[in-house]
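A structural walkthrough
For reference, the chains in residue letters:
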Amino acid sequence: MGNVHVDLGTKSYNIEIERGLLEKVGKKVKALLPKVEKAAVITDSNVGPLYADVLRRSLEREGLAVTVLTFKAGEESKNLITLGNLYGGLAKAGLTRSDMVVALGGGVTGDMGGLAAATFLRGIAFVQIPTSLLAAVDSSVGGKVAVDLPEGKNLVGAFYQPKGVFIDPNLLQTLPGRYLHDGMAEVIKYGCICDRDLFGRLEALQDDGDLLTHGDEIIEACCNIKARIVEHDEFDTGERMLLNFGHTLGHAVEKTFRFDTYSHGEGVAIGMVLLTRQAEKLGLTVPGTAERIEGLLKKFNLPVSVQMDQADFLKAIALDKKKRGSEITLVLLKTIGESFLQKIEFSGLPKFLPDGDAS
């Protein structure tokens, strides 16, 4: 069993990683929040049929009244309309400020469930139970919760830390291959920004079976990295921005294709490669770095190019959250395992973007 502590003073919590943990979550929750009487499980139409009943029974064994709220799976559901429906479900379930939300699912579920918890009754407790690799290593940790607007990704949100994160690596076995690989983009990101050894271990993996076998240790390594960064910069004003490597261009890819062509991890994969190629041309990154990243991404069937030009990227990035006034902060690599923040004028962004079609 792995246990990663996130030290945020009164908002501290633990990330527990254990195979078979889902069936024990009821006891964990009751020990963590002994006064809770009602729990609302927020999940999606893919995950709910697989795991909601197991979680419900685990919670009910500890005397909790459980309501399951299910929304249509997919990034396109991560919006204010779905969030409003969740608020209605929480109200009908009669949740009070001493009750809780359980987010059971991938990154979309965690983001929306967390934002619902952060704002319903001005804030109630919630825990994260990530069921995807991407959520386990990234979005379930650190307290970023949000929904999308038509104008851009994650534009409405908050920083709201969970009371605990419970990760059962066995749940990854039901992930479709595409979404297992989707999470690998975020795993590879961690190796790129600060862990050369992790990147090498990922290069040594033989196939998806090997990845699942080593899932526990990979998840724990990534959670440790993110926990330490979040402890230093909870509100994403400095060091935590390093976690956005590949995301500025990646979010632009997702938005340009209306969130229905490329998954989040696929967008990030493209963003990491394209930005690093340009940084090499500018003499900011060691030559050959992009090629090595590209090779590892391709190993897990992740895209490394896209049919977009500079104008497409600039239009999509105009509302990026990392933009401050006329400036934007990019995350660049010196080499694998070493990253840095580069603040530039938005007018200077084109030199960091592909010259023409990014395919």
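Here goes a summary of the coordinates provided. What you are looking at is a predicted structure, and each value in this text was computed from that prediction instead of being measured. (Residues numbered from 1 in each chain as written. Predicted model: local features only at pLDDT ≥ 70, side-chain atom pairs only at ≥ 80, totals over all residues. Heavy atoms only, no water.)

Right, let's get into the layout of surface pockets. Here the second largest pocket defines a volume of roughly 230 Å³. Taken together, Pro-150, Lys-255, Thr-256, Arg-258, Phe-259, Asp-312, Lys-315 and Ala-316 make up the lining of the second largest pocket. Broken down by secondary-structure element, the contributors of at least two residues to the lining of the second largest pocket are helix 10 (247-256) and helix 13 (310-317). For the lining of the second largest pocket, the element with the highest residue contribution is helix 13, accounting for three residues. Residue composition of the lining of the second largest pocket, grouped by class: three nonpolar, one polar and four charged. (1 Å grid on protein atoms, 1.4 Å probe; cavity = no way out; pocket = protein on both sides within 12 Å on 5 of 7 lines; lining within 4 Å. Points joined across faces, edges and corners; volume = space filled by probe spheres on them. Helix = DSSP H or I, 4+ residues; strand = E, 2+ residues; numbered from the N terminus. Nonpolar A, V, L, I, M, F, W, Y, C, P; charged D, E, K, R; others polar.)

Here the structure, examined in full by the defined rule, presents one cavity of 30 Å³ or more. Roughly 100 Å³ of volume is contained in the largest cavity.

The next point concerns the side chain of Asp-195. Here Asp-195 is to be found in the loop between helix 6 (177-194) and helix 7 (196-204). Look at Asp-195: it is buried, it has no salt bridge, and the nearest opposite charge is Arg-201 at 5.2 Å. From its side chain, Asp-195 meets the backbone nitrogen of Leu-198 in a polar contact 2.9 Å long. Once you skip the residues sitting within four places of it in the chain, Asp-195 turns out to touch Tyr-190, Ile-225 and Gly-337. (Buried < 20%, exposed > 50% of the residue type's maximum accessible area, 1.4 Å probe, protein only. Lys, Arg positive; Asp, Glu negative; His and termini not counted. Salt bridge = Lys/Arg side-chain N within 4 Å of Asp/Glu carboxyl O. Polar contact = N/O pair within 3.5 Å; in protein donor to acceptor, adjacent residues only side chain to side chain. Contact = heavy atoms within 4.5 Å.)

Looking now at the packing of helix 1 (residues 25-32) against helix 2 (residues 48-60). Running from amino to carboxyl end, helix 1 crosses helix 2 at an angle of 45 degrees, the nearest separation of the two axes being 7 Å. Compared by their axis directions, helix 1 and helix 2 come out oblique. Helix 1 and helix 2 meet at a crossing whose hand is right-handed. When helix 1 is examined against helix 2, the residues Val-25, Gly-26 and Val-29 are found in contact with a partner set consisting of Leu-55, Ser-58 and Leu-59. For the contact of helix 1 with helix 2, the class distribution of residues is four nonpolar, two polar and no charged. (Axes fitted to C-alpha atoms, helices over the stretch in contact; angles between N-to-C directions. Parallel < 35°, antiparallel > 145°, perpendicular 65-115°, else oblique. Left-handed = near helix turned anticlockwise from the far one by under 90°.)

Grouped together as the largest cluster of nonpolar side chains are 51 residues, with contacts concentrated most on Ile-15, Met-184, Ile-188, Leu-202, Ile-219, Ile-293 and Leu-297. Setting aside its immediate chain neighbours within four residues, Met-184 contacts Leu-133, Leu-202, Leu-211, Phe-300 and Leu-302. In terms of nonpolar packing, the next biggest core, distinct from the first, is built from 23 residues, Leu-33, Leu-55, Leu-59 and Leu-171 among them. (Core = buried A, V, L, I, M, F, W, Y, C linked by side-chain atoms within 4.5 Å.)

Take the packing of aromatic side chains next. As enumerated under the stated definition, the model contains three aromatic pairs in all. With a centroid separation of 5.9 Å and an interplanar angle of 10 degrees, the aromatic rings of Phe-126 and Tyr-160 are classed as stacked. Of the two residues, Phe-126 is situated in strand 6 (residues 125-130) and Tyr-160 in the loop between strand 8 (152-159) and strand 9 (164-167); the sequence distance between them amounts to 34 residues. Among the residues examined, Phe-126 registers a relative accessible area of 1% and is labelled buried. Between Phe-257 and Tyr-262, the aromatic rings sit 5.2 Å apart at their centres with planes inclined by 75 degrees, giving edge-to-face as the arrangement. A cation sits over an aromatic face here: Lys-189 above Tyr-190, 4.6 Å from the ring centre. (Phe/Tyr/Trp six-rings, centres within 6.5 Å; stacked < 30°, edge-to-face > 60°. Lys NZ or Arg CZ within 6 Å of the ring centre and 35° of its normal.)

Taken in spatial order, the three strands make up an open sheet running 10-11-12, and their pairing is antiparallel. Strands with a single pairing partner mark the edges of an open sheet, and in this sheet they are strand 10 (323-324) and strand 12 (338-345). (Pairing = 2+ DSSP bridges.)

What follows covers the sheet that holds strand 5 (residues 100-105). The strand order across the open sheet built from seven strands is 1-2-9-6-5-3-4, with neighbouring strands paired in mixed fashion. Of all the strands in the sheet, just strand 1 (2-6) and strand 4 (65-71) have a single pairing partner and so form its edges. Strand-to-strand, the axes of this sheet are offset by a mean angle of 15 degrees, without reference to chain direction. Pairing of strand 1 with strand 2 (residues 13-17), which is carried by five bridges, proceeds in the antiparallel orientation. Following the sheet pairing, Val-4 is matched in strand 2 by Ile-15. Against the sheet, helix 2 makes contact with strand 3 (38-44), strand 4, strand 5 and strand 6, and its axis sits at roughly 170 degrees relative to strand 3, the strand it touches most. Across the sheet, helix 9 (residues 215-232) touches strand 1, strand 2 and strand 9, and the angle it forms with strand 1 is around 10 degrees.

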